[in-house]
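# A closer look at the structure
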Amino acid sequence: MITYDVTGLGPSTVPYDVALRQQRAIHADVVAGRATDTVLLLEHDSVYTAGKRTDDDERPTDGTPVIDVDRGGKITWHGPGQLVGYPLLRLEEPIDVVGYVRRLESVLIAVLAELGVPGERVDGRSGVWLRGHTGAPDEKIAAIGIRVAEGVTMHGFALNCSNALDPYEHIVACGIRDAGVTTISRVLGRTVTPSEVAPLVQAAFDREFDREPDVAAVRASAAERTETAA
């Protein structure tokens, strides 16, 4: 059974350091067997985070502070309008880190397909992409950066829903210089918020990881949060 925590959406954005402490606490509990697998779904306050492979020339050009973290990958941005997911899952032995990343990509591709967005993989690059046409560059719509410690995952994915794209102009996002970034809202021409997308992520996550989703309950919970926020 997977426990989902979706309390950090909408106006209740979560500072990155608060979410990181929560991740570490839950990770320790899952490792020790005190907690079931857990997925945090939230939005962050605006922040840059840098994985272990980030180069100096990929960091912000305007001197904005960056939080260095113990995940894979390079630098990225998190902020309001972006759905961030932190799965804390015990992986089956033998542990296949690349296979786990591919499964996260499958979850996100399925969610995008349900919304009418043609996300796909790009060989040699993690995350989910929209292919460029007639010479236009590919655009990244979801980033993935993870860590596995003592058989349990940390960190996760960031799916661009209705966030601004300006913060990406100051960094080399994910260390990739020949591609752009986009959002679900930009592709569809209408606002699609993380609160709307979270139930789809949960249902797709359950399907991918062989759990039985209760989509009606998830949608009811999302509607209740929206009414409360209003």
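Remember, it's a predicted structure, so these values are computed and weren't measured experimentally.

### Focus on the nonpolar core
Core analysis: the biggest nonpolar cluster contains 36 residues, and L83, L159, I184, V197 and F205 have the highest contact counts within it. Taken together, the elements giving at least two residues each to this core come down to β1 (3-8), β2 (38-42), α2 (97-115), β8 (125-130), β9 (139-149), β10 (152-160) and α4 (194-208). Here this core takes eight residues from α2, the largest share from any one element. Excluding its chain neighbours within four sequence positions, the residues that come into contact with F205 are I2, Y4, V39, P87, L89, L104 and V107. Among the nonpolar cores identified, the runner-up in size contains 16 residues, and V14, V30, L42 and M154 belong to it.

### Some points on the pairing of strand β6 (residues 82-88)
Burial analysis of β6 places seven of its seven residues in the buried class, which makes it a mostly covered element. Burial along β6 is two-sided: the face carrying Q82, V84, Y86 and L88 and the face carrying L83, G85 and P87 are both buried. Both β2 and β6 contribute to a ladder of five bridges, which runs antiparallel. Bridging from a neighbouring strand, V39 pairs with P87 of β6. The pairing of β6 with β10 spans four bridges and is antiparallel. The residue of β10 that forms the bridge with L83 is L159.

### Description of unusual backbone geometry
For the bond running from E93 to P94, omega is -10 degrees, close enough to zero to count as cis. Counting through the fold element by element, P94 comes out in the loop between β6 and α2. The backbone of E150 sits at a positive phi, close to 55 degrees, despite the residue not being glycine. In this fold, E150 is placed in the loop between β9 and β10. Despite not being glycine, H155 shows a phi value in the positive range, around 55 degrees. Along the chain, H155 falls in strand β10. Residue H155 is classed as buried on the basis of its relative accessible area, which comes to 1%.

What counts, and where the lines are drawn
Residues numbered from 1 in each chain as written. Predicted model: local features only at pLDDT ≥ 70, side-chain atom pairs only at ≥ 80, totals over all residues. Heavy atoms only, no water. Core = buried A, V, L, I, M, F, W, Y, C linked by side-chain atoms within 4.5 Å. Buried < 20%, exposed > 50% of the residue type's maximum accessible area, 1.4 Å probe, protein only. Helix = DSSP H or I, 4+ residues; strand = E, 2+ residues; numbered from the N terminus. Contact = heavy atoms within 4.5 Å. Pairing = 2+ DSSP bridges.

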